[in-house]
Structures are given as C-alpha cells and as structure tokens.
Amino acid sequence: MSIRPTAYEFFAGGGLAGLGLSGAGLSGQRWAGVDTVFANDMDPAKGRAFVANHPDIRFHLGDVWSLRPADLPGAPDLAWASSPCQDVSLAGARGGLEAGRSGAFWGFWRLIQGLAVEGRAPRVIVLENVIGLLTSGPKDETGRDFSAVCAAMVQAGYRVGALEMDAAHWLPQSRPRLFIVAVQESALNGAPEASAPSGPFHSARLITAHARLPDAVRAAWAWWSLPVPPRRNLDLAALLEPDESVEWLDDGAEILALAAPLHRARIEAAVASGRRVVGAAYRRVRTEDGRKVQRLEIRFDGLAGCLRTPAGGSSRQYVVVCDGGRARVRRLTGREAARLMGVSDDYRLPGSESAALKLMGDAVAVPVVRALTEGLLLPALSSRRTAA
Ligand SMILES: C[S@@+](CC[C@H](N)C(=O)[O-])C[C@H]1O[C@@H](n2cnc3c(N)ncnc32)[C@H](O)[C@@H]1O
C-alpha cells in the first residue's frame, strides 16, 4: 500500500484547492490524490467554512505572517498557495504583489524558505492567482511581480513553469486563472514537459510574459504539459435551481432596461426564439459620452461570467431566463455559485447568501485543480517513497 502525498494549503478559503488535490474520481495514478495536512486562512468566516467541511484537517486561523515553520507539521510533498489577488487583479488598483494584501505571498514564501533550511521544503509548489499577475507591477515595470515570484522559486532550486487554465474547459463558468508550478529537481522525472509552448494552457499572454522574464529565470523555465480536456458537456442551465424554488426580482424589467443596445438585442432575440434560453448578466459601470452609466451586460453562450466577490452588491451575478414570451431576472444563488466552482451539493455553505457567494467568488474551481493534480502534480510526485 502506498502512502498518499501530503500538502499544505495556504490562503485556503473554503478548502476548494484541497478538494481538487484530494483527487476524488482520479484513476490510473499511483496515488488517487494528495492529502491536505495543514491549512491556513485569516478570514474567520472562511475558516468556519473550512472547518465545517474538513473537520479532520489541521486549520490555523490567522495571518500567514504570524506562522513559523515550527507551526507546520511534518515534511509536505506539496504546498499550495492561492494568495489574495485584489492587488494584481486586472479589475483592481494594480498596486502589485508588494501592495497590502497581495504581499501575503511573501509571508507564504518566508515559510517555504524556513522549511528549506530545516530540510522540509515541498517538492512541488503551486501558486494560483489571477491573470493580472502576468503583467502587474509598478508603472513602467510590466510583469515585475511575475518575474519576482518565478525568480524566488528558481533561486530556491525549483524549475518553474505556468499554465493559464480557464474553468470553462470543465464547468459552465468563464474563469481564467494562472497556475505557477515549481518542481524540485528530485521530482522532475515525472513532470510532463513540452519543449515549446503548445496547447490551450500556454496562452499568448503567458508566452509574452515568459519572454519578459530575466534570462536566469527563463533558463530554469519548463513548459509543463497537460492533456487537453474533452469538450465540456454541461451548461449553465443544467446547474440552476428549479424556477419555482427561486425568488424572481420584481424590478427585473428595470434591470433589463440597463442593457446597452447590443445586449438588449440579445435579450429580444432570446425572447423571440420561443425557446427557453438562459443567460447570465452583470451590472457594470461604463463610460459613455464622457458619463459613467450603469449597464447590464448579458451572455447567452451557456456560461456564467467569472464569479466575483460581491462588493457593495453591484458585482452579484444575475440569471436571466427567457421563455413564454418574457424575460425574468433573479440573482444567482450561493448553491448555484458552488456548483459553478465544481463543488458538490453536500458541501456545507455558510448560512448567509452573501457569505456563500464571497466564499465561492474567491475560490479556485475544483475540476481545474483536479486536472492539474492528475496531469502534472501527481506525476511529478510519483517518485515518492512508498511504505511497505
Ligand atoms: C483568493 S482567496 C483563496 C481561496 C481558496 N483557494 C478557496 O478555494 O476557497 C485568498 C484567501 O487568502 C486569505 N488571506 C488574505 N490575506 C491573508 C493573510 N495575510 N494570511 C492568511 N490568509 C490570507 C483570504 O481570507 C482569502 O480567503
């Protein structure tokens, strides 16, 4: 019998990275998944969700900067960090990794350095973040954060590579995210690597960001190779609650009236089709003729827009259902958001809708982590010793 590899899960939120790492449903690998043995997050509400869903995993509530290597159990095979992305998000102020919350990455990195001193460094490290990390940094230093993160990993003796993975390959949600994967020499044998960028996960913007990296980082770069998933066979409509069990908005007509002409035409076409057509929409502030105006932006491509953390109510996603010659509007529920992250219905969500939406809006999509685990992380760790 072989012992499963172990992981630390930093910035763990509700523990969705761990759900993907645990690999339910994986087959044909030496191990069926990776076990989280320690998790950390500083948000008490997220911490409650983590503990409710993973009662057997040691969880530390607190700032990552307050942890010391002595607080971390054993020698992990893998460390996962989904460090906060507000400062590197394309939608945010772009202060970069050194700004406020995103600086938390360096709190994580300090722990990795401490583990290395004690001979307990993980063989594989994954940093998940928004795509904005590829270009964030101070003015005139495009990509400095990406470069700094990759350089730190290379200096610590890892080969480093990255993948841009969109949850839409697996789930009906558009959610592109960056996964930087660092692999120690001792685990390189198993890690599948291509000689040049190829396939959907080596996106044009990743290739551009790679070209900006310093020579020493590019010399230690790996184009990790992952199989392309089969075509997604699930669309947004399949994940929704039944119409009769949700609350439709009385002011739906006013919300729909915020649509710009192109989006209004989409709604009219969907209503006129006579079929049931389901869409997802966000309210956004746009500048038109020098004025800021609220606009409803809707998509009918079978996907939800990227789930986000609700801030001031304006970023909560709407569901628009056109049938019977009309269009109805409601808010996406927390359970639906969880399904859009690939979380099964037995996951215990917080009681309040806004807490559930915040939890899911910040999280990493489970099937994406599972695909990364199956295609790259487990193969990389496959040289691990087994117990008799
Ligand atoms: C992008 S979310 C990651 C969520 C997680 N991957 C999941 O699937 O739910 C970032 C998380 O980092 C936490 N966080 C932010 N700054 C932190 C810090 N200094 N120390 C510990 N946790 C922090 C936030 O509370 C948040 O849950």
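Quick look at the structure, then.

About the cut-offs
- Per chain, the residues get numbers from 1 upward, laid out in the order the sequence is written.
- Only residues with pLDDT of 70 or above have their local features reported here, since the model is predicted, and side-chain atom pairs are shown and tallied only from 80 upward, although totals for entire chains, interfaces and linings are computed over all residues.
- Water and hydrogen atoms play no part in the side-chain values, which are based on all heavy atoms of the structure.
- Here, a strand pair is defined by DSSP locating no fewer than two bridges between the strands.
- Runs of H or I in DSSP of at least four residues are treated as helices and runs of E of at least two as strands, each being numbered from the N terminus.
- The buried label applies to any residue whose accessible area, calculated with a 1.4 Å probe on protein chains only, is under 20% of its type's maximum; exposed applies above 50%, and partly exposed to all values in between.
- Whether two residues are in contact is decided by their heavy atoms: any pair within 4.5 Å suffices.
- Here a Phe, Tyr or Trp ring, Trp counted by its six-membered ring, pairs with any other such ring whose centre lies within 6.5 Å, and the pair is stacked when the planes are under 30 degrees apart, edge-to-face when over 60, and tilted otherwise.
- Any Lys NZ or Arg CZ found within 6 Å of a ring centre and within 35 degrees of that ring's normal is scored as a charge over the ring.
- Fitting a line to C-alpha atoms yields each axis, with helices limited to the stretch in contact; the angle taken between N-to-C directions then spans 0 to 180 degrees.

## A few points about the pairing of strand S11 (residues 291-299)
Direction of pairing for strand S10 (residues 277-288) relative to S11: antiparallel, over a ladder of 9 bridges. Its bridge partner being in S11, Arg-286 is matched across the sheet by Val-293.

## A closer look at the environment of Glu-254
With respect to the element layout, Glu-254 can be found in helix H8 (residues 252-256). Judged by its relative accessible area of 56%, Glu-254 falls in the exposed class. Put simply, Glu-254 and Val-329 are 75 residues apart on the chain and 10.0 Å apart in space, counted from C-alpha to C-alpha.

## Considering helix H11 (residues 353-361)
Every buried residue of H11 is listed here: Ala-356, Leu-357, Leu-359, Met-360 and Gly-361. Here the buried face of H11 lies against helix H1 (16-22), helix H2 (44-53) and helix H10 (334-340).

## Re the packing of aromatic side chains
Under the definition given, this model contains 13 aromatic pairs. Pairing Tyr-8 with Phe-38 gives two aromatic rings, centres 5.8 Å apart and planes at 70 degrees, and the pair type is edge-to-face. Taken together, the positions of Tyr-8 in strand S1 (residues 6-10) and Phe-38 in strand S2 (residues 35-41) put the pair 30 residues apart, joining distant regions of the chain. The same class applies to Tyr-8 as to Phe-38, namely buried. By the ring-pair criterion, three or more aromatic residues cluster together here, those being Tyr-8, Phe-10, Phe-38, Phe-105, Trp-106, Phe-108 and Trp-109. The ring of Trp-248 has Arg-328 lying over it, and the distance from NZ or CZ to the ring centre is 4.4 Å.

## Here we look at the sheet that holds strand S4 (residues 78-81)
As summarised here, the arrangement of the 7 strands in space is S3-S2-S1-S4-S5-S7-S6, forming an open sheet in which the pairing is mixed. Every other strand in the sheet has two partners, leaving strand S3 (58-61) and strand S6 (158-166) as the edge strands with one partner each. Averaged over all pairs of adjacent strands, the angle between strand axes in this sheet comes to 15 degrees, irrespective of strand direction. The pairing of S2 with S3 spans 4 bridges and is classified as parallel. Bridging across to S3, Asn-40 finds its partner in His-60. Together, S1, S2 and S3 form the strand contacts of H2, whose direction differs from that of S3 by roughly 170 degrees. Contacts between helix H3 (residues 104-117) and the sheet are confined to S1, S4, strand S5 (124-129) and S6, with S5 contributing the most and set at about 180 degrees to the helix.

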